[in-house]
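Residue-level listing of the chains:
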Amino acid sequence: MSVTKEDVGKFLDENPVFAKVYYDKKLKAGAIAAVMNRPESTVDFATFKELSQVEEAEILFNLIHDMQENVNMEKVVFKVLRRISFLIHADRCSLFMYRQRNGIAELATRLFNVHSSAELEDCLVPPDSEIVFPLDIGVVGHVAHTKKTVNVKDVSEDSHFSPFVDELTEYTTKNILATPIMNGKEVVAVIMAINKTDGPFFTPEDQDLFLKYLSFATLNLKIYHLSYLHSCETRRGQQLLLWSANKVFEELTDIERQFHKALYTVRAYLNCDRYSVGLLDMTKEKEFFDVWPVLMGEQAPYKGPVTPDGREINFYKVIDYILHGKEEIKVIPTPPADHWALSSGLPTYVAETGFICNIMNAASEDMFNFQKEPLDSSGWTIKNVLSLPIVNKKEEIVGVATFYNRKDGKPFDDQDEQLMESLTQFLGWSALNTDTYDKMNKLENRKDIAQDMVLYHVKCRNDEIQDILKTKEYYGCEPAECEEDELFQILKKELPGPTKFEIYEFHFSDFDCTELDLVKCGIQMYYEVGVVKKFQIPQEVLVRFMYSVSKGYRKITYHNWRHGFNVGQTMFTLLTTGQLKQYYTDLEVMAMITSGFLHDIDHRGTNNLYQVKSQNPLAKLHGSSILERHHLEFGKFLLADESLNIYQNLNRRQVEHVMHLMDIAIIATDLALYFKKRTMFQKIVDLSETYEERKKWVDFMALETTRKEIVMAMMMTACDLSAITKPWEVQSKVALSVAAEFWEQGDLERTVLNQQPIPMMDRYKAAELPKLQCGFIDFVCTFVYKEFSRFHKEIQPMYDGILNNKKEWKAKQDEYEAKLKAIEEANKAKEEAAAAKQTANNASSTGSGSKTCCVS
Ligand SMILES: [Zn+2]
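Caption draft 1: Looking closely at helix 24 (residues 586–598). For helix 24, spanning 13 residues, the distance from its first C-alpha to its last is 18 Å, which sits close to the expected 18 Å at 1.5 Å a residue. Within helix 24, twelve of the 13 residues are buried, which leaves it mostly tucked inside the rest of the structure.

Caption draft 2: Just empty space enclosed by the protein, in detail. This structure, assessed with the given rule, holds four cavities of 30 Å³ or more. Lining the largest cavity are 18 residues, with Phe133, Val165, Asp166, Thr173 and Met192 positioned closest to its centre. Contributing elements (two or more residues each) for the lining of the largest cavity: strand 1 (90–101), strand 2 (104–114), helix 7 (138–146), helix 8 (164–169) and strand 6 (186–196). Broken down by class, the residue content of the lining of the largest cavity amounts to eleven nonpolar, five polar and two charged.

Caption draft 3: Representation of the sheet that holds strand 12 (residues 397–406). Spatial strand order, 9-8-7-12-11-10: six strands in an open sheet with antiparallel pairing. Where the open sheet ends on each side, the last strands, each with one partner, are strand 9 (328–333) and strand 10 (357–359). In this sheet, neighbouring strand axes are inclined to one another by 15 degrees on average, regardless of whether the strands run parallel or antiparallel. Pairing of strand 11 (residues 385–391) with strand 12 involves seven bridges; the strand directions are antiparallel. In the strand pairing of strand 12, Ile390 is matched with Gly399.

Caption draft 4: Main features of a nonpolar patch on the surface. Taken together, the side chains of Ile758, Met760 and Leu772 present a nonpolar region at the surface, about 220 Å² in accessible area. With respect to the helices, strands and loops of the structure, Ile758 is situated in the loop between helix 32 (728–751) and helix 33 (769–791). In this structure Ile758 comes out as partly exposed when scored by relative accessible area, which is 46%.

Caption draft 5: Here's a closer look at the confidence of the model for the protein. This prediction gives the protein a mean pLDDT of 80; 77% of its residues lie at or above 70. Within the model, the stretch residues 226–250 combines pLDDT values under 50 with 28 contacts to residues more than four positions away or in other chains. Every residue in residues 430–437 scores below 50 in pLDDT, and together they form 30 contacts with partners more than four places removed in sequence or on other chains.

Caption draft 6: Main features of the layout of surface pockets. Considering only enclosed or pocket space, the second largest pocket measures out at about 1,000 Å³ in volume. Residue lining of the second largest pocket: 41 residues in total, with His559, Leu671, Val738, Phe742 and Met760 positioned closest to the centre. Within the residue set of the lining of the second largest pocket, elements represented by two or more residues are helix 25 (608–613), helix 27 (626–639), helix 32 and helix 33. With nine residues, the single largest contributor to the lining of the second largest pocket is helix 32. Here the residues of the lining of the second largest pocket sort into 20 nonpolar, 14 polar and seven charged.

Caption draft 7: Fine view of the coordination of the zinc ion. The protein atoms that coordinate the zinc ion are His563 (NE2), His599 (NE2), Asp600 (OD) and Asp720 (OD), at distances of 2.0 to 2.1 Å. Around the zinc ion, the four donor atoms are arranged such that angles at the metal cover 87 to 176 degrees; this shape is classified as irregular. Each donor residue of the zinc ion belongs to the same chain, with the gaps between them written as H-x35-H-D-x119-D. Judged by relative accessible area, which is 6%, Asp600 ranks as buried.

Caption draft 8: Region of interest: the pairing of strand 12. Where burial is concerned, most of strand 12 is hidden: ten out of the ten residues are buried. With seven bridges joining them, strand 7 (residues 272–280) and strand 12 adopt antiparallel strand pairing. Looking at the pairing, Tyr275 lines up with Phe403 of strand 12.

Caption draft 9: Quick look at the side chain of Thr669. Looking at the element boundaries, Thr669 is found in the loop between helix 28 (652–667) and helix 29 (674–689). A relative accessible area of 7% places Thr669 in the buried class. Leave out the neighbours within four places in its chain, and Thr669 touches His599, Glu628, Met716 and Asp720.

Caption draft 10: Structural view of the packing of aromatic side chains. Per the stated rule, a full pass over the model turns up 30 aromatic pairs. Relative to Phe637, the ring of Phe634 has its centre 5.8 Å away and its plane inclined at 70 degrees; by these criteria the two rings are edge-to-face. Taken as a pair, Phe634 and Phe637 lie in helix 27 at a separation of three residues, close to a single helical turn. Ring centres 6.2 Å apart and planes at 80 degrees place the aromatic pair Phe681 and Phe791 in the edge-to-face group. Of this pair, Phe681 sits in helix 29 while Phe791 is found in helix 33, placing the two residues 110 residues apart along the sequence. Phe791 gets classed as buried once you look at its relative accessible area, which sits at 6%. One aromatic cluster is present, formed by Tyr583, Tyr584, Phe681, Tyr691, Trp697, Phe700, Phe788 and Phe791 through successive ring pairs. The positively charged end of Lys153 is found above the aromatic ring belonging to Phe201, 5.0 Å away from the centroid. Looking at Arg274, its charged tip hangs above the ring of Trp380, at a distance of 4.6 Å from the centre.

About the cut-offs
Residues numbered from 1 in each chain as written. Predicted model: local features only at pLDDT ≥ 70, side-chain atom pairs only at ≥ 80, totals over all residues. Heavy atoms only, no water. Helix = DSSP H or I, 4+ residues; strand = E, 2+ residues; numbered from the N terminus. Expected span 1.5 Å × (residues − 1). Buried < 20%, exposed > 50% of the residue type's maximum accessible area, 1.4 Å probe, protein only. 1 Å grid on protein atoms, 1.4 Å probe; cavity = no way out; pocket = protein on both sides within 12 Å on 5 of 7 lines; lining within 4 Å. Points joined across faces, edges and corners; volume = space filled by probe spheres on them. Nonpolar A, V, L, I, M, F, W, Y, C, P; charged D, E, K, R; others polar. Pairing = 2+ DSSP bridges. Axes fitted to C-alpha atoms, helices over the stretch in contact; angles between N-to-C directions. Patch = residues over 30% accessible without salt bridge, like charges linked within 9 Å, V, L, I, M, F, W, Y side chains within 5 Å. Areas by Shrake-Rupley, 256 points an atom, 1.4 Å probe, with all protein chains shown as cover. Salt bridge = Lys/Arg side-chain N within 4 Å of Asp/Glu carboxyl O. pLDDT = per-residue confidence, 0-100. Contact = heavy atoms within 4.5 Å. Donors = N, O, S within 2.8 Å, 3.2 Å for Na, K, Ca; no water. Tetrahedral: all angles 85-135°; square planar, octahedral: opposite > 155°, others 65-115°. Phe/Tyr/Trp six-rings, centres within 6.5 Å; stacked < 30°, edge-to-face > 60°. Lys NZ or Arg CZ within 6 Å of the ring centre and 35° of its normal.

Structure (structure tokens):
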């Protein structure tokens, strides 16, 4: 479909809420600057809080990149200063290098008058035009002397201020913010910002920002100071390693890649043999399907070490950098606890406490007892160790960096500790600021997805609502101008009622319904379970919501609105006819039916694996259950619009509960999770059989939050797969449309991804469909309906349905196999005949002599 600019404009006009959210949060800094047609540096990002974070992250990555390209101290510091002058509104910033000449300390200008739009060439001071300060003159000298940051609010009142540079440059200094850059106890340089442009002086916040940004410059200046600059020869070595690192890159996620880049960059400054970085799992809250086994008492709760902020310590990946001998980088995904890099327990200890640990003589420490022989073929052993936490901006420990064996054989000292600490800090809050980075990544991808949502203009239009809520026809006015009761009178006439389309039946089929009929049936169900009145759902909102849900489904072969509706209908039938409603409150019933209708909204006709393989932005946004998480978000995106929000008259606690259930219900439709909940569900059914009285069991269950959630999750699966239980005429047709959609994905894999699809998605193996269906029924589906019919005998029709379909598919499979066998036999007979003929021919030709050549 093609969408014009007008369409997008119209959509945004009609959806101010969406537009606001979109522009407030979902655009990148650069994009806004572009929209405003201004250079990025003149856009005031203070008004776009999250954006400035994103932009900050980009700047940090640029700086890392510069460091990677070459260790050009001036260039890096220049960029930092330019950024600082913009952020704190300083008229100009300068860098003064500290040095000693003939035993006398002095400061010399290196970068002068850096402002937010300055160019490096204009600010870099060549040696012959340096301005040199002795330490006893001026504020800069004072800062170098006292080694303390100063914020001079008014220079005329500061005794240290000297006007000699002002006189030299015809400039008037009013206020100054200056700080020394230290390496250990030594001053390396002084950085100064002068004249606040939007206020009388620099504020304490300016000072914080100033110092925060300077940690970059600090690192670079320290490195510069330590003269860890490398000769051309090692740089060639670096390039070689960079190239080999590319292979490693492929194994890393985006975030890890940034991290790796940063570490790789600084590796030249590390005075050690080898180092390893353990990356910590950042998830704080576990997924419901991992929490259930603990809640159900099937798994002991985690009692191991945790980080200071309460996360389980789980190193999900170790990156091992070997710098001795042949340089190499190794990535160890999900390392075992006895991996040499973890087995001392030191990284875990550091992650737990946040301490810096410096171990002088590993051989004498018990924790390194595991080291009975060299750790690699080169004979390498751990002699001394320095282990540090990597901390992000939020002070969370995101990983542990461990450095082994100082190059000169001596133990690591406080100089190393300091350097390593600033490195890890730098890593922590730049590359490993996963939060910001994640956000940046997600913003990018979200932008694409949001655009999709706009393009798909799903919202029910005013003319469309008249298809159902015919207020114009009945009363000659818009729905908003009608009383709830008037709307109810229309719906009473327009909705199909409970019996017309057999919505209470397990054998319901949508074949005789139009898509609009299905929307009406959906609305009808909310009335049937009595939630419209009880939760005061405005009827116009209910109609608009159901209509929009139907439009939110794409017109694809299988995962279209018809499938969405069928899942909602089966949920409704399981609850009512299947009697499962007795365990749940009306609020929960409403959440479950709504989840059914929403569960596949905006499906693209391809599965999760395809999203990953085709690098769809969705795959970058969600780590697992990619599509399911998108359906959920899309559903919530609709509900966020007041005109569609059927939950608008619930209180906060109710909304939270409904949303929580929707989270579980929709994610649970990921079949990959099905096997995780299977036994837990079976145990609940077993338990139910131990109760003689239904009433007692229902009373027990009503209070069992986790068990209710597990049953609900399994109900979602039962609904999603319910086509397999329908009468054969229905099942055989639906199975074909499922297969057709798979084949379409297979075609895409072949043409777009250049890959051979699996048999299920290969249209050239269409004849194997009956066999695939039988396998699917046996290994996945039967369990669900067998257990549900054991749980509630009212659900028996579904189990009978699947048994019948199994018989039908098996017959087709047998038929196909018989045909194959016949063909095979015919071929065999033909071959045998041909072979017999060949033998006969050969026999008759034996006389004509040998086939071997004779060389005479
Ligand atoms: Zn589905």
